[in-house]
Amino acid sequence: MKNTLPAQTVPAFLSSLKEPLRRFFSAKTYTVSGEVLQVNPWDGNLYVVIAGKDDKRTQSITVFIRQNILIRSDFIPFEGMELQVTGTIGLVRNEIQIYVEQMEEAGLGAMREQLLVWEKQYQALIYRQKRMIPEICRNVAVISASNSKGFADFQNHLTNGEITLYDCRMQGEQAAGEIAAAIYQINQTGGYDCICIVRGGGSFTELFPYNMPEVLSAIGYSKIVVAVAVGHTGDSLLCDKVADESFSTPTALAKEMSDRKQRLLAGKKQALRERTFQEESNRRIIVGGIIIAALLGIIGYLLMK
C-alpha cells in the first residue's frame, strides 16, 4: 500500500515542494536560450521572460538577473533579442525560475571562435608597420552615421580640419560592406590627410562588423592613414589591431587630433623664440667683438704715439 500523506492545502503542498526541488537542483547549473518576451526591472535587478517554440506552442520561463551580473555584462537584455543564460533553478510563486549566473547573446560562442580564426588570418596586417595621423589634418574623411552620438561627439571636439562625412550603416548585416566600400572610395577620391572611423559603444553583436575581413582588409591596405574610435573604453576589436591608430572613444580621437596641432604650433613658437634669442645673442657677441677690437685698436694707436 502506498504511503499516503495527510491532506494539505494547495499553498502548503506547493510550499513543501520548494526545499526538495532546491536540494535537487542546487548542485547543477543549466544553460537555456530563447527569445526575450518581457523585461521587467525590479530594484536594480531584472526579471526577464524568455521563450521558445516547439511543434505546438510557445513555452516560456522567467529568469532573474541580479544587478552585479548586469554590471559585468556589456549589454542589457531587450525584447526581441536571443538571450542565453546559465544559472541555477528555483521555485518562485509556484513557477520554475532560473537565477542567472552568466548571460550572453545567443550564438556568441561561435562568433568568438570565428574572431580567433580571423585574428590568425590577418596577422600580417595586424603587425604591419603603422603610421601616425598627421599633426595637422586639414581634410578629414569620417566614416560614421550622420545621426549617431559618436559622430556628434567627434565633431564637437575636433577644433581643426574640414570634415567630410561618409554616411554608412554602423551596425547590422550591411555595415561591414558599407564601411569597407567607403574606405576604398576615400582612397580613390584622394585629398584627405586621414580617415577616421567613429561610432559609440554597443553590444558584442552590434560591434561585430568591425571584426570582419572586408573591414580589416580595407583598413590594412588603405593608402591613407586610418584611425579607429569604435565603442567604449575596454572594447577590443580586430579593427583596432589593424588600424594605424586606435582610440577608446570618438571624443578621445578628436581631442588627440586637436591637441597634436596645438603641440605642433606651440613647438614651432618655442623654436622661433629660441632661434630669435640665439640670433640676438650672436648679434650682441658680434657687436661686442667689434667694439672691443675698435677699443684695442685705439689703445694700441695711443701707445705707439
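Residues numbered from 1 in each chain as written. Predicted model: local features only at pLDDT ≥ 70, side-chain atom pairs only at ≥ 80, totals over all residues. Heavy atoms only, no water.

## Notes on the overall build of the protein chain
If you tally the helices and strands in the protein chain, you get ten helices and ten strands. Taking all 305 residues of the protein chain together, the buried fraction comes to 38%. Long-range pairs, those at least 24 residues apart, make up 61% of the contacts in the protein chain between residues at least 6 apart in sequence. In the form shown here, the protein chain has an accessible surface area of approximately 18500 Å², with 55% of it arising from carbon and sulfur atoms. (Helix = DSSP H or I, 4+ residues; strand = E, 2+ residues; numbered from the N terminus. Buried < 20%, exposed > 50% of the residue type's maximum accessible area, 1.4 Å probe, protein only. Contact = heavy atoms within 4.5 Å. Areas by Shrake-Rupley, 256 points an atom, 1.4 Å probe, with all protein chains shown as cover.)

## A closer look at unusual backbone geometry
Even without glycine at this site, Asp-43 takes up a positive phi of about 55 degrees. Mapping Asp-43 onto the fold places it in the loop between strand 1 (30-42) and strand 2 (45-53).

## Thoughts on the layout of surface pockets
There is about 240 Å³ of room inside the largest pocket. What lines the largest pocket is a set of 14 residues, and nearest its centre among them are Arg-112, Leu-115, Phe-204, Ser-236 and Leu-237. Elements that contribute at least two residues to the lining of the largest pocket include exactly helix 3 (108-121), helix 7 (204-207) and helix 9 (238-242). Of the residues forming the lining of the largest pocket, the biggest block, three residues, is contributed by helix 3. Residue classes in the lining of the largest pocket are distributed as five nonpolar, four polar and five charged. (1 Å grid on protein atoms, 1.4 Å probe; cavity = no way out; pocket = protein on both sides within 12 Å on 5 of 7 lines; lining within 4 Å. Points joined across faces, edges and corners; volume = space filled by probe spheres on them. Nonpolar A, V, L, I, M, F, W, Y, C, P; charged D, E, K, R; others polar.)

## Here we look at the nonpolar core
Counting residues in each nonpolar core, the largest one holds 39 residues, and the members touching the most others are Ile-143, Ile-197, Tyr-210 and Ile-219. Residues contacting Ile-197, with those up to four places away along its chain left out, are Ile-143, Met-170, Ile-179, Ile-183, Tyr-210, Ile-219, Val-226, Ala-227, Val-228, Ala-229 and Val-230. Ranked by size, the runner-up nonpolar core spans 18 residues in total, among them Leu-46, Val-63, Leu-83 and Ile-98. (Core = buried A, V, L, I, M, F, W, Y, C linked by side-chain atoms within 4.5 Å.)

## A closer look at the packing of aromatic side chains
The description of an aromatic ring pair rests on the distance of the ring centres and on the angle between the ring planes. This model, assessed by the stated rule, comprises six aromatic pairs. Geometrically, the ring pair formed by Phe-64 and Tyr-99 is edge-to-face, given 6.1 Å between the ring centres and 80 degrees between the ring planes. Taken together, the residues Phe-64 in strand 3 (residues 58-65) and Tyr-99 in strand 5 (residues 95-105) connect sequence positions 35 residues apart. Residue Phe-64 is classed as buried on the basis of its relative accessible area of 7%. Residue class for Tyr-99 comes out partly exposed when judged on its relative accessible area of 22%. An aromatic cluster of at least three residues, connected via ring pairs, comprises Trp-42, Tyr-47, Phe-64 and Tyr-99. The ring of Phe-204 carries the charged tip of Arg-112 above its face, separated from the ring centre by 4.2 Å. (Phe/Tyr/Trp six-rings, centres within 6.5 Å; stacked < 30°, edge-to-face > 60°. Lys NZ or Arg CZ within 6 Å of the ring centre and 35° of its normal.)

## Notes on the sheet that holds strand 9 (residues 226-230)
One open sheet accounts for five strands, arranged 7-6-8-9-10; its pairing is parallel. Of all the strands in the sheet, the pair left with one neighbour each is strand 7 (162-167) and strand 10 (245-246). Looking at chain direction, strand 6 (residues 139-144) and strand 7 are connected through six bridges and run parallel. Bridge assignment links Val-140 to a residue of strand 7, and that residue is Ile-163. Of the strands in this sheet, strand 6, strand 7 and strand 8 (194-199) touch helix 5 (residues 149-157), which is tilted by about 130 degrees from strand 8. (Pairing = 2+ DSSP bridges. Axes fitted to C-alpha atoms, helices over the stretch in contact; angles between N-to-C directions.)

## A few points about the pattern of salt bridges
Under the criterion given, the structure shown has seven salt bridges. In this structure, Lys-241 engages Glu-119 in a salt bridge whose closest nitrogen and oxygen atoms are separated by 2.7 Å. Placement of the pair is Lys-241 in helix 9 and Glu-119 in helix 3, with a sequence separation of 122 residues. On the basis of relative accessibility, which here comes to 23%, the residue Glu-119 falls in the partly exposed class. The salt bridge involving Arg-169 is made with Glu-178; its shortest N-O contact spans 2.2 Å. (Salt bridge = Lys/Arg side-chain N within 4 Å of Asp/Glu carboxyl O.)

## Examining the sheet that holds strand 1
Taken in spatial order, the five strands line up as 1-2-3-5-4 and close into a barrel, and their pairing is mixed. On average, adjacent strands in this sheet sit at an angle of 50 degrees to one another, irrespective of strand direction. Both strand 4 (residues 82-92) and strand 5 contribute to a ladder of ten bridges, which runs antiparallel. Residue Val-92 lies in a different strand from strand 5, and its bridge partner there is Glu-95.

## Regarding helix 8 (residues 213-220)
Burial runs high along helix 8: seven of the eight residues are buried. Listed as buried for helix 8 are Pro-213, Val-215, Leu-216, Ser-217, Ala-218, Ile-219 and Gly-220. Here the buried face of helix 8 lies against helix 3, helix 4 (123-126), helix 6 (175-189), strand 8, strand 9 and helix 9.

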